[in-house]
Amino acid sequence: MLPEFDNTEVAFQYRSDKELKHARFLFSSMSSPMLTSIGIKMTGLALSLHLPVKSIIKSTLFDHFCGGETMEDAAKTAAVISKYGVNTILDYGVEGKESEEDFDKAVPEFIKAIKYASANKNIPFISLKITGFAYFSLLDKIHAGYTLSKDEEAAWKRVYDRIDSICKAAAENQIMVLVDAEESWIQKPVDDLTDMMMERYNKSKAVVFNTFQLYRHDRLVFLKESYKTAQAKGYQLGAKLVRGAYMEKERARAIEKGYPSPIQPSKEATDKDYDEAALFCVQHLEGLSLFVGTHNEASCLKVAKAMLDNNIPVNTDKVFFSQLYGMSDNISFNLSHEGYHVAKYLPYGPVKDVIPYLMRRAQENTSVAGQTGRELSLIKKEIKRRGI
Ligand SMILES: Cc1cc2nc3c(=O)[nH]c(=O)nc-3n(C[C@H](O)[C@H](O)[C@H](O)COP(=O)(O)OP(=O)(O)OC[C@H]3O[C@@H](n4cnc5c(N)ncnc54)[C@H](O)[C@@H]3O)c2cc1C
């Protein structure tokens, strides 16, 4: 039997009446593109003027999309959703740090999260961004194929060491690490570093996962090549599939710099490659683990159908579904209710440091026709069902 996603009682069982009404207010506000766009601009301005906007952001976007300011707060949120069988990916959501000192400071923070996760059955993953450990400009330079100076070589070695310490701790503590995909013009060193980590730590099972953005027209081929490489070198591939979060930025840069856009020509083309990539993974589970990162119901259904067609049990420990905390609970909680492995990305960190993440959530939730419309109608349906 295939899962269904419209049971709002299951979807929102972890949310109190008050939280649900708060969610209705938030998604109603975000459904106006103009209001959201003004909100994002005002937030940027207020922050640059050091105005006290933190408490407003905290009580609106932050409380809905984040687990808290500390790992301990996030763990409390994780414990709530785990009651309904939904696991957590701890995502130390701090972005935009650009100093060696910050990069070094992040390592123990991640190792602390790994150790914490290993003591909690409901936290099987942590996620990281390589830009949290490396200068963007250094990644850009390596990607473009420039020869590095001695100092840059040393800086790149330090990045390797930081990521290696985290992956080593994860392997020792049996926690999986998801390496996020970022802008295409820095992605090559991210892929290369992640491949090295997979080769080192994925000997018997996938500990480290690379991320494949299927909105790029070259990523389906890259996924298949990554699988072949893993087979040839004798390790398990960790394949996290997403569509991709930086479409406008990617297209704008390609136009500005005069190169062909790396992005698919249409949403349909992205969807087609996403579903084909997922099918490829389901058919090759002997050599890989699949992480389905999407809010797209049709894609989740296709994966469930492919699992059924290939006689893969719903609770296999080689397939994980994932949505972001505060979004698409109807998918997460209904899948988990049917026995699939599901984990929510749960960002945490000081409010000011997760603002870029929150602004991306606000932006992607603006279109009434898209995600927000769906979220809002489900929230309203549940409010009506509860009679509150
Ligand atoms: C658990 C999880 C982890 C994630 N990790 C990452 C990550 O590491 N890196 C990252 O970049 N993103 C990441 N994302 C975000 C993700 O890439 C998408 O931006 C987001 O999930 C929306 O895509 P969708 O599949 O959920 O839904 P859908 O609504 O079906 O798809 C929307 C997406 O389709 C693509 N798209 C839309 N219009 C067009 C068009 N005209 N032409 C071509 N493509 C189009 C874009 O990628 C857009 O984001 C993650 C998402 C989740 C749920």
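Note on numbering: residues in each chain are counted from 1, in written sequence order. Totals for whole chains, interfaces and linings use all residues, but because this is a predicted model, local features are given only for residues with pLDDT of at least 70 and pairs of side-chain atoms are given and counted only at 80 or more.

**What to know about the site of the ligand**
Keep this limit in mind: Each residue receives a C-beta atom placed from its backbone. It is near a molecule or strand if this atom lies within 6 Å of it. Side-chain classes follow a simple rule in which Ala, Val, Leu, Ile, Met, Phe, Trp, Tyr, Cys and Pro form the nonpolar group, Asp, Glu, Lys and Arg form the charged group, and the remainder, Gly included, forms the polar group.
Taken together, 24 residues lie around the ligand, and Asp180, Arg243, Ala245, Gly293 and His295 are the ones closest in. For the shell around the ligand, the per-class residue count stands at nine nonpolar, 12 polar and three charged.

**A word on the domain arrangement of the protein**
Operational definition: Delimitation of the domains relies on an automatic or database domain assignment. In this description, any two residues whose backbone-derived C-beta atoms lie within 7 Å of each other are considered to be in contact. Secondary structure elements are defined from DSSP: runs of H or I of at least 4 residues count as helices, runs of E of at least 2 residues count as strands, and each element is numbered from the N terminus.
Per the domain assignment, the segments of the protein are domain 1 (1–64 + 355–388) and domain 2 (67–348). Between domain 1 and domain 2, the C-alpha centre-to-centre distance is 24 Å. In this assembly, 19 residues from domain 1 lie in contact with 24 residues from domain 2. Taken together, the elements giving at least two residues each to the side of domain 1 that touches domain 2 come down to α1 (8–11), α15 (355–364) and α16 (371–386). Considering only residue class, the side of domain 1 that touches domain 2 consists of 10 nonpolar, five polar and four charged.

**Brief notes about the packing of helix α6 (residues 100–118) against helix α8 (residues 150–172)**
As a reminder of what qualifies: Angles shown run from 0 to 180 degrees and are taken between the N-to-C directions of axes, each axis being a line fitted to C-alpha atoms and, for helices, limited to the stretch in contact. Here the angle decides the label: under 35 degrees means roughly parallel, over 145 means roughly antiparallel, 65 to 115 means roughly perpendicular, and every other value means oblique.
The contact between α6 and α8 brings their axes to 9 Å, and the two run at 5 degrees. By the criterion of interaxial angle, the relationship of α6 to α8 is roughly parallel. Packed against α6, whose contacting residues are Phe103, Val107, Phe110, Ile111 and Ile114, the element α8 presents Arg162, Ser165, Ile166, Ala169 and Ala170 at the interface. For the contact of α6 with α8, the residue count by class is eight nonpolar, one polar and one charged.

**Looking at the nonpolar core**
The condition is simple: When buried Ala, Val, Leu, Ile, Met, Phe, Trp, Tyr and Cys residues are joined through C-beta atoms within 7 Å, the set is termed a nonpolar core. Three exposure classes are used. Buried residues have 20 or more other C-beta atoms within 10 Å of their own C-beta, exposed residues have 12 or fewer, and partly exposed residues fall in between, all C-beta atoms being placed from the backbone.
Ranked by size, the top nonpolar core spans 102 residues in total, and within it Ile126, Cys167, Ala170, Val177 and Ala239 carry the most contacts. At six residues, the largest contribution of residues to this core is made by α8. Both domain 1 (1–64 + 355–388) and domain 2 (67–348) contribute no fewer than three residues apiece to this core. Not counting chain neighbours up to four residues away, the residues in contact with Val177 comprise Ile126, Leu128, Ile166, Cys167, Ala170, Val207, Val208 and Phe209.

**What about the sheet that holds strand β3 (residues 176–179)?**
Quick reminder of the rule: Paired strands are those between which DSSP finds at least two bridges.
Strand order in this closed barrel of eight strands is β1-β2-β3-β4-β5-β6-β7-β8, and the pairing throughout is parallel. Between one strand axis and the next, the sheet turns through 30 degrees on average, direction left out of account. Of the strand pairs in this sheet, strand β6 (residues 288–293) and strand β7 (residues 319–324) are connected by four bridges, and their pairing is parallel. When the sheet's bridge partners are listed, Phe291 is paired in β7 with Phe320.

**Examining the environment of Ala343**
The topology assignment puts Ala343 in strand β8 (residues 341–348). Linking Ala343 and Tyr325, residues 18 residues apart in sequence, is a C-alpha distance of 9.1 Å. What Ala343 contacts, discounting residues up to four positions off in sequence, is Asn87, Thr88, Ile89, Pro124, Phe125, Phe320 and Ser322.

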